[in-house]
Amino acid sequence: MSDTPIDRVAKATPPSVAAKIRGFSDRTIAWLFVAPTIFLLLAVNIFPLLWTINLSFTNFRANRPGREVDYIGLRNYQRILTDGDIWLTMQATAHFLFWTIVLQVLIGFTLAWLINRKFKGNDLWTTLIVLPMMLSPAVVGNFWTFLYQPQIGLFNYGVSFFTGIDPSSFQMIGDVDLAPWAIIIVDTWMWTPFVMLICLAGLRSIPDYIYEAAEIDRASKWRQFWTITVPMVLPFLMLAVLFRGIENFKMFDLVVQLTGGGPGSVTELTSINLKREAFEKWRTGYASAYAIVLFVTVFGLASIYVKALNKVKER
Amino acid sequence: MSSYSITEPSPRQKWAAGTLVIAYAVITLLPLVWILTTGFKSPVDAIAYPPKIVFEPSLEGYVNLFTTRTRVTPEQLEALPPPATWYEEIVRDRDMVIAGPSRYGERFLNSVIIGFGSTFLSVFLGTLAAYAFSRFKIPLKDDLLFFILSTRMMPPIAVAIPIFLMFRTLGLSDTHLGMILLYTAVNISLAVWLLKGFIDEIPREYEEAALIDGYTRFQAFYKVVLPQAATGIASTAIFCLIFSWNEYAFAVLLTSGTAQTAPPFIPTIIGVGGQDWPAVAAGATLFLVPVMVFTILLRKHLLRGITFGAVRK
């Protein structure tokens, strides 16, 4: 080993100072930068999730911390799967999901298709249309209860203005048949812009030359729409449906403020039902099992869906 | 492209499309306009039928939003000295006197503290992580990134119970710090994904040049990459802020007083015999306006922000 003056200096320098001169190694920086994020997610997401799983096998009640906790095996899960009320909430959720997605896809796609005609001022109107989705669902939901009032509300007035129906003859929130539609309308109002934006991105990703080629082949406009536009936008549309599906499955704030689950429990979606079990009846163990069932359902459905989405993308 | 293109819509198509979109926009904006105007109506005008489009503007809603009032008898009112301020006058017209401030200001301040606190933290941590994911070899990088994203799929209620218990044990329940940490954890997935996209687009050559000039990795990061990523960081920050600003489920489940934000509070503004709609509308307006302004400023980054960059515009 040679011993040049530089080597001697290097050896004499303590390692900590050497590190300061050199700066941290890339590897150290990488870990230093990523660790806080991972740690935070483990502490605030993964740890609580594991705790929920643990609680789901117990009869724990969070409002009675002193009481002894028993592990009761799968009994909570058994009760959930045989509980008729939960199937009703699931049905209400499915109804809500189905109609919000159908309406938002239809209106959102149509709007995107129209905006893609590049008329004058389309950017301004797009921005304005997007506003509802940026607002607080709870605050907006609360104000919609005012708009839905049969005597004084703007909604009933608007309906009667266009159809001639007596505005005080129906109430959106208090009526068993109409209440689900009351939340579907507000959700559609809020989130159609989201679907619209994603469809717009899809439409703008289609290169002009494809249409030009189709035009040379004398494909009709209708045919171009079904063989070019729709298939090219479909992956985007499916992505929008995935995001909306997950969000609406966890829907809480808007519905709590709008109908509170009522009348009766016709608009009691799963997360409202869950909140009732966990924070009103304080059946913590049972609610934990319920949360896990919902979580597994979302993940299961989402992963099946993502597989289908990838197939569509590959085509 | 030539001035004439077969893919370019005809003027008539453009006109028709424009009309339909504007019609939709007008209908969709009506509820928002209604919130804004109701805030400036008197309680009587707010519940008039048919709904009043032309009305005499009043600041009563805003006065009611920020104050609590007590009713006094006409005799007591006579005995009082003349009103010192315009808002005192509005209240006296309704046979009431101001008893004190309402809790709206406090709640709004909580929203500001928690919103900005968690935004700062998630953008700070998110930038570091995004830089590392963008530039370094990290074992299981793709799995880690997917793990970060997947935390966003969890329904808030599913983790609310243990978080509630955990916060109670740690003394974090109903504190600003607790809510800041919680919202940071929710926002960080968005921050990492968005910022990674932005940083990926900055050429590596810039840093390499800086390293050759004798900068350390760390200096290259904050002297070269950070300024380049400034726009991306700003728009990420606004998305994080909008989320924590609007969040309701955790706020209502985990806070009760000191750290409660405005969204759970606004719906509880009650007047005589039910909700005081002008005051609710005033509270909602003050709360919604910042987000509306941000949305308009942000329109270019909108799509990437709401979809974690899963869709590239």
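Just so you know, these numbers come straight off a predicted model, no measurement behind them.

1. What about the nonpolar core?
No. 1: In terms of nonpolar packing, the biggest core is built from 193 residues, with A:Phe143, B:Phe133, B:Met179 and B:Phe250 touching the most fellow members.
No. 2: A per-element tally of this core places helix H9 (residues 179-204) of chain A first, with 16 residues.
No. 3: Beyond its immediate sequence surroundings of up to four residues, A:Phe143 is in contact with B:Pro31, B:Trp34, B:Ile35, B:Thr38, B:Trp277, B:Val280 and B:Ala281.

2. Some details on helix H11 (residues 217-228) of chain B
All names here are of chain B.
No. 1: The first and last C-alpha atoms of H11 sit 16 Å apart over 12 residues, in line with the 16 Å expected at 1.5 Å per residue.
No. 2: Of all the positions in H11, only Arg217, Ala220, Phe221, Val224 and Val225 are classed as buried. The arc enclosing the buried residues of H11, seen along the axis, measures out at 125°, which places them on a common side.

3. A short note on the layout of surface pockets
No. 1: Roughly 990 Å³ of internal volume is contained in the second largest pocket.
No. 2: What lines the second largest pocket is a set of 30 residues, among which A:Trp144, A:Phe155, A:Gly158, B:Ile27 and B:Leu30 lie closest to the centre.
No. 3: Among the secondary structure elements, those contributing two or more residues to the lining of the second largest pocket are helix H5 (84-115), helix H7 (137-147), helix H8 (154-163) and H9 of chain A together with helix H1 (11-38) of chain B.
No. 4: Within the lining of the second largest pocket, the residues separate by chemical class into 23 nonpolar, 5 polar and 2 charged.

4. What about the packing of aromatic side chains?
No. 1: Summed over all chains, the structure comprises 41 aromatic pairs over all chains.
No. 2: Considering the side-chain rings of B:Tyr131 and B:Phe221, the 4.4 Å spacing of their centres and the 50° angle between planes classify their relative orientation as tilted. Of this pair, B:Tyr131 sits in helix H6 (residues 104-135) while B:Phe221 sits in helix H11, and the two are 90 residues apart along the sequence.
No. 3: B:Tyr131 sits in the buried class, given a relative accessible area of 1%.
No. 4: Look at B:Phe221 and you get buried, because its relative accessible area is 5%.
No. 5: One aromatic cluster is present, formed by A:Phe33, B:Tyr131, B:Phe136, B:Phe218, B:Phe221 and B:Tyr222 through successive ring pairs.
No. 6: A:Arg117 extends its terminal NZ or CZ atom over the ring of A:Trp113, reaching a point 4.7 Å from the ring centre.

Rules used in this analysis
- Residues numbered from 1 in each chain as written.
- Chains lettered and ligands numbered in written order.
- Predicted model: local features only at pLDDT ≥ 70, side-chain atom pairs only at ≥ 80, totals over all residues.
- Heavy atoms only, no water.
- Core = buried A, V, L, I, M, F, W, Y, C linked by side-chain atoms within 4.5 Å.
- Buried < 20%, exposed > 50% of the residue type's maximum accessible area, 1.4 Å probe, protein only.
- Helix = DSSP H or I, 4+ residues; strand = E, 2+ residues; numbered from the N terminus.
- Contact = heavy atoms within 4.5 Å.
- Expected span 1.5 Å × (residues − 1).
- Arc of directions from axis to C-beta.
- 1 Å grid on protein atoms, 1.4 Å probe; cavity = no way out; pocket = protein on both sides within 12 Å on 5 of 7 lines; lining within 4 Å.
- Points joined across faces, edges and corners; volume = space filled by probe spheres on them.
- Nonpolar A, V, L, I, M, F, W, Y, C, P; charged D, E, K, R; others polar.
- Phe/Tyr/Trp six-rings, centres within 6.5 Å; stacked < 30°, edge-to-face > 60°.
- Lys NZ or Arg CZ within 6 Å of the ring centre and 35° of its normal.

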